[in-house]
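So the chains spell out like this:
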Amino acid sequence: MRQNSSPLKFLIGLFLITFSPLITAQAKAETVLEEIERTGVLRVGIRNDAIPFGYRKPNGALTGYCVDFIAALKKRVTERVDREGLLVRLFQSTASNRFALVRERTVHIECGPNTISSARQDTGVEFSEPFFVTGTQFLILASERDRVNLDGTLEGLRIAVLKGTTTEALLQERYPEATLIKLQGSTARRRGAQGVLQGRLDGFVSDGILLIGEVEGLQAAGTPTGNYAIVPEPPLSCDEYGMLIPDDSEWESLVNSLIGSEEEKEIWRDWFEVVLAQIKGQSC
């Protein structure tokens, strides 16, 4: 029995070796829309720590600009594919896994505060057209304006930043003598803001809109925020946000057709009009 089965095992092994590359090539050749049509699932990455783009309500429900954007995108995809009852499957994205989620085609799109940068762009990952503009700023206590002198070196000051972000790279280049506290995880942004407001950190650096959102979130949760300041004005940098999408021209065109449309503008106003005065006051 063992001797007779050996040729069969050899042939099966040869078949797999011969045809596996063809199967892999076929999978790679499938476009995003073809995959969605075949599976009936639109896979999406959304942050749950980035107010107002994607975050959790006190009851645990995911909300934010990105949630509404994806709902609108689902409608557009439904019009393009021959599939009824299209489902949306959500994946939690983070500052560290967002590129990998898209590169490995775990998700078809990742919506969040992704700074458009060719230097950070992975092979197989593209940015959509920009949907928001913000800039790098410091959250500090208003009483510490003189001590946190951004024209100086910030030597000896404890400055928090999210690990693995373009903001971290900017701080390392501009303020090499500052003591950087690198935060990570789903609660990192909140811990950074709380650290400043409670006097444990001298500053927390992030994009202006995210600092505004985090303070607003703390206030909504009943946390005293006291007198704080978001500086400098204008920001240290001007950054455009884009969706992360696979390298697929047809899919890129579909996503971009929604960005800037009247439908997307209405979603934008729903989420950002409330803080529009603050955004304009700190615009690039």
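Procedures and definitions
- Residues numbered from 1 in each chain as written.
- Predicted model: local features only at pLDDT ≥ 70, side-chain atom pairs only at ≥ 80, totals over all residues.
- Heavy atoms only, no water.
- Helix = DSSP H or I, 4+ residues; strand = E, 2+ residues; numbered from the N terminus.
- Buried < 20%, exposed > 50% of the residue type's maximum accessible area, 1.4 Å probe, protein only.
- Contact = heavy atoms within 4.5 Å.
- Areas by Shrake-Rupley, 256 points an atom, 1.4 Å probe, with all protein chains shown as cover.
- 1 Å grid on protein atoms, 1.4 Å probe; cavity = no way out; pocket = protein on both sides within 12 Å on 5 of 7 lines; lining within 4 Å.
- Points joined across faces, edges and corners; volume = space filled by probe spheres on them.
- Nonpolar A, V, L, I, M, F, W, Y, C, P; charged D, E, K, R; others polar.
- Phe/Tyr/Trp six-rings, centres within 6.5 Å; stacked < 30°, edge-to-face > 60°.
- Patch = residues over 30% accessible without salt bridge, like charges linked within 9 Å, V, L, I, M, F, W, Y side chains within 5 Å.
- Salt bridge = Lys/Arg side-chain N within 4 Å of Asp/Glu carboxyl O.
- Lys, Arg positive; Asp, Glu negative; His and termini not counted.
- Charge placed at Lys NZ, Arg CZ, Asp CG, Glu CD.
- Core = buried A, V, L, I, M, F, W, Y, C linked by side-chain atoms within 4.5 Å.
- Polar contact = N/O pair within 3.5 Å; in protein donor to acceptor, adjacent residues only side chain to side chain.
- Pairing = 2+ DSSP bridges.
- Axes fitted to C-alpha atoms, helices over the stretch in contact; angles between N-to-C directions.

Engineer: Account for the overall build of the protein, naming residues and giving values.
Structural biologist: When helices and strands are tallied, the protein shows ten helices and 15 strands. Evaluated residue by residue, the protein yields a buried proportion of 46% over its 284 residues. Within the protein, residue pairs in contact and separated by at least 24 positions form 73% of the contacts whose partners lie at least 6 positions apart. For the protein, the accessible area works out to roughly 14700 Å², and carbon and sulfur atoms hold 51% of it.

Engineer: I'd like a rundown of empty space enclosed by the protein, residues and numbers included.
Structural biologist: Regions of empty space are outlined by a rolling probe, equal in size to a water molecule, passed over the atoms. A complete count under the given rule lists one cavity of 30 Å³ or more for this structure. Within this model, the largest cavity holds a volume of roughly 190 Å³. Around the largest cavity sit 18 residues that line it, and Arg98, Pro113, Thr165, Thr167 and Asp207 are the ones nearest its centre. Every element with two or more residues in the lining of the largest cavity is listed here: helix H4 (98-103), strand S10 (158-162), helix H5 (166-174) and strand S12 (203-207). At three residues, S12 tops the list of elements feeding residues into the lining of the largest cavity. Here the residues of the lining of the largest cavity are counted per class, giving seven nonpolar, six polar and five charged.

Engineer: Quick one: what's the story with the packing of aromatic side chains, residue by residue and with numbers?
Structural biologist: Under the defined criterion, the tally for this structure stands at 16 aromatic pairs. An angle of 85 degrees between the planes, with centres 5.6 Å apart, marks the rings of phenylalanine 53 and phenylalanine 132 as edge-to-face. With phenylalanine 53 in the loop between strand S2 (49-50) and strand S3 (54-56) and phenylalanine 132 in strand S8 (residues 132-134), this pair connects stretches of sequence that are 79 residues apart. The pair phenylalanine 53 / phenylalanine 132 is uniform in exposure class, with both members buried. A ring pair is formed by phenylalanine 138 and tyrosine 175, whose centres lie 6.0 Å apart and whose planes are at 90 degrees; its orientation type is edge-to-face. Of this pair, phenylalanine 138 sits in strand S9 (residues 136-141) while tyrosine 175 sits in the loop between H5 and strand S11 (179-183); the two residues are 37 residues apart in sequence, bridging distant segments of the chain.

Engineer: Run through a negative patch on the surface, naming residues and quoting values.
Structural biologist: Residues Asp68, Glu79, Glu263, Glu266, Asp270 and Glu273 make up a contiguous surface patch of negative charge. Those elements that place two or more of their residues in the negative patch are helix H3 (65-80) and helix H9 (262-272). By residue number, the principal contributor to the negative patch is H9, which donates three residues. Structurally, the position occupied by glutamate 273 is in the loop between H9 and helix H10 (276-281).

Engineer: Talk me through the nonpolar core; I want residue IDs and the actual numbers.
Structural biologist: One finds Phe53, Tyr65, Ile109 and Trp251 to be the most contacted residues of the largest nonpolar core, which totals 52 residues. Here this core gets seven residues from one element, more than from any other, and that element is H3.

Engineer: Residues and numbers for the side chain of asparagine 256, please.
Structural biologist: Along the chain, asparagine 256 turns up in helix H8 (residues 249-258). Here asparagine 256 falls in the buried class, since its relative accessible area comes to 17%. Reaching out from asparagine 256, the side chain makes a polar contact with the backbone nitrogen of glutamate 129 at a distance of 2.8 Å. Each residue touching asparagine 256, except ones within four places of it in the same chain, is listed here: Ser128 and Glu129.

Engineer: Talk me through the sheet that holds S10; I want residue IDs and the actual numbers.
Structural biologist: Strand order across the open sheet formed by five strands is S11-S10-S12-S9-S13, with mixed pairing between neighbours. Each edge of the sheet is formed by a strand with only one pairing partner; in this case those strands are S11 and strand S13 (228-231). This sheet shows a mean twist of 30 degrees between the axes of neighbouring strands, independent of strand direction. Sheet contacts for helix H6 (residues 188-197): S9, S10, S11, S12 and S13; angle to S12, the most-contacted strand, approximately 140 degrees. Against the sheet, helix H7 (residues 208-220) makes contact with S9, S12 and S13, and its axis sits at roughly 120 degrees relative to S12, the strand it touches most.

Geometric values such as these leave the question of function open.
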